Amino acid sequence: MASTADADAWPDRATPETFARLEAAARRIVGSRARVIAEQPDGIPVIRVLPHRQGARSVTLIADQWIVLEVESGGGGRWELTYDESGISFAEKAIEAVAAGRIREWVGPGRSRVELTFDDGSVHVETGRRGIRGVLPGRLRSTDSEDLRRY
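Values in this document were obtained by computation on a predicted structure and should not be read as measured data.

Quick notes on the overall build of the chain
Step number 1: Scanning the chain from terminus to terminus reveals two helices and nine strands.
Step number 2: Shown N-terminal to C-terminal, the secondary structure of the chain runs as helices and strands in the order α-β-β-β-β-β-α-β-β-β-β.
Step number 3: Burial status across the chain gives 43% buried among its 151 residues.
Step number 4: As displayed, the chain offers around 8200 Å² of accessible surface, 47% of which is attributable to carbon and sulfur atoms.

Set out below in C-alpha cells:
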C-alpha cells in the first residue's frame, strides 16, 4: 500500500535528489515512448511524462507538501505520497503501470475513478471530482480499453 498523506503527519521536505531520482526513473521506464520534462516553475519541481501515443495518459509529479502524483483523467487519479521510500516507490510503479497500459478509468457526472494495476498484481484506485459542482449522482461507466493507453 502507498504511503499516503496523513493529516497528523508532517512530511519530509522535497530534495533535489528525490526529484532527480524520480526523473531518472521516469526516463528509464518510458524510454523513447514518451517525453519527460523536468522543470521548476515558481521554484517548485515538476516532472511531466507526456506519451507520444495518442490515447495514452500523461503522468505529472509535483513537489508540494507531499509528492503529488496525477494521472491524466476526468478528475480521479491524484495521489498524495510521502517523500520516504514507499512514496517514491509508489510513484515509480504508477509510472510503470500507466506506461504499460495497466490503467482503467470510469467516468460519471462530475467525477471519475482511476485504477492502476502494478506489476505485482496490486490494484490502486483513486476517485476524484472535477468542476465546482462536486460529485453528482449517476453511475460510473468504463472508458477506452487498456490497449489503447499503452505507451
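So, the pattern of salt bridges
Side-chain pairs of opposite charge can arise whenever the charged atoms involved come near each other.
Step number 1: Per the counting criterion, the structure on display carries eight salt bridges.
Step number 2: Here E85 makes a salt bridge to R21, at a shortest N to O gap of 2.6 Å. Separated by 64 residues along the polypeptide, E85 in helix 2 (residues 85-100) and R21 in helix 1 (residues 16-30) bring together distant segments of the chain.
Step number 3: With a relative accessible area of 48%, E85 lands in the partly exposed category.
Step number 4: Two residues, E105 and R57, come together in a salt bridge whose shortest N-O distance is 2.8 Å.

Quick word on the side chain of E105
Step number 1: Here E105 is to be found in strand 6 (residues 103-108).
Step number 2: Within the structure, E105 has its side chain in polar contact with the side chain of R57 (distance 2.8 Å).
Step number 3: There is a polar contact of 3.0 Å between the side chain of E105 and the side chain of S112.

Thoughts on the packing of helix 1 against helix 2
Step number 1: At a minimum axis distance of 10 Å, the contact between helix 1 and helix 2 shows a crossing angle of 25°. The orientation of helix 1 with respect to helix 2, classified from their angle, is roughly parallel. The handedness of the crossing between helix 1 and helix 2 comes out as right-handed. Judged by residue contacts, T18, R21, L22, A25, A26, R28, I29 and V30 of helix 1 engage E85, I88, A91, E92, I95, E96 and A99 from helix 2.

Parameters at a glance
Residues numbered from 1 in each chain as written. Predicted model: local features only at pLDDT ≥ 70, side-chain atom pairs only at ≥ 80, totals over all residues. Heavy atoms only, no water. Helix = DSSP H or I, 4+ residues; strand = E, 2+ residues; numbered from the N terminus. Buried < 20%, exposed > 50% of the residue type's maximum accessible area, 1.4 Å probe, protein only. Areas by Shrake-Rupley, 256 points an atom, 1.4 Å probe, with all protein chains shown as cover. Salt bridge = Lys/Arg side-chain N within 4 Å of Asp/Glu carboxyl O. Polar contact = N/O pair within 3.5 Å; in protein donor to acceptor, adjacent residues only side chain to side chain. Axes fitted to C-alpha atoms, helices over the stretch in contact; angles between N-to-C directions. Parallel < 35°, antiparallel > 145°, perpendicular 65-115°, else oblique. Left-handed = near helix turned anticlockwise from the far one by under 90°. Contact = heavy atoms within 4.5 Å.

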